[in-house]
Amino acid sequence: DALPLRPRQFPGAICAAGRRQQWQQALWLLSCFEQRHGSARGVADAVPHQAAIDACARAWRWDYALVLLTHMESRALAVDRIARTAVMGACEKASTWGCTLDLLSSFSRRSLQPDW
């Protein structure tokens with residue numbers, strides 16, 4: 001195997017890529033995680049996805065962050081308010097107000113408060 005990472009090491013590697021503004025590398029690492037561990041569901045599977053959302057949000061890639069959020073919801077993965085707030089922040093920075101308002105509305109439907 002070309003990438004010698006254990007499942008619990010993926011989130012750290014994805015976060016490190018995000019801190020370096022390397023959102024494409026973060027998405028590649030997430031793809032590697034899903035190829036190896038795609039059948040897992042729940043909180044443990046959500047952590048690398050949330051790290052990738054944060055990496056995309058840091059790079060102002062609201063579009064990819066939103067796709068990841070939607071992907072998590074479609075797979076019934078645990079999505080926390082921090083991930084939603086990261087996507088909303090990326091949308092706000094990019095002045096995509098419709099996206100920001102939709103996400104804010106989703107908070108109220110789920111009885112969540114934004115993490116800001």
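Position numbers for residues start from 1 in each chain and track the written sequence from start to end. In view of the model being predicted, local features appear only for residues whose pLDDT reaches at least 70, and side-chain atom pairs are presented and counted only at 80 or more, with totals across whole chains, interfaces and linings using the full set of residues. Only hydrogens and water are set aside when side-chain values are computed; all heavy atoms of the structure are taken into account.

*Asks:* For this particular structure, what's the right way to read helix α5 (residues 81–93)?
*Replies:* The α-helix winds at 3.6 residues per turn, so residues separated by three or four positions along the chain end up facing the same way. In this model, α5 (13 residues) spans 18 Å end to end at C-alpha, consistent with the 18 Å of a helix rising 1.5 Å per residue. When we look at burial in α5, the residues that qualify are A83, R84, T85, A86, V87, M88, A90 and C91. For the purposes of this entry, the term helix denotes a DSSP run of H or I that reaches at least four residues, the term strand denotes a run of E that reaches at least two, and both are numbered from the N terminus. Once α5 ends, the next one or two residues include S95, with phi positive near 60°. Given the number of residues in a helix, its expected span is that number minus one, multiplied by 1.5 Å. Only protein chains enter the area calculation, which uses a 1.4 Å probe; residues under 20% of their type maximum are buried, those over 50% are exposed, and those in between are partly exposed.

*Asks:* Just to check I follow, could you spell out unusual backbone geometry for this structure?
*Replies:* The phi angle of most residues is negative, glycine excepted, and most peptide bonds adopt the trans form. Phi at Q21 takes a positive value of approximately 65°, unusual for a residue other than glycine. For Q21, the location among the structural elements is in the loop between α1 (10–19) and α2 (23–37). A relative accessible area of 43% places Q21 in the partly exposed class. Its identity is not glycine, yet W60 carries a phi of approximately 65°, on the positive side.

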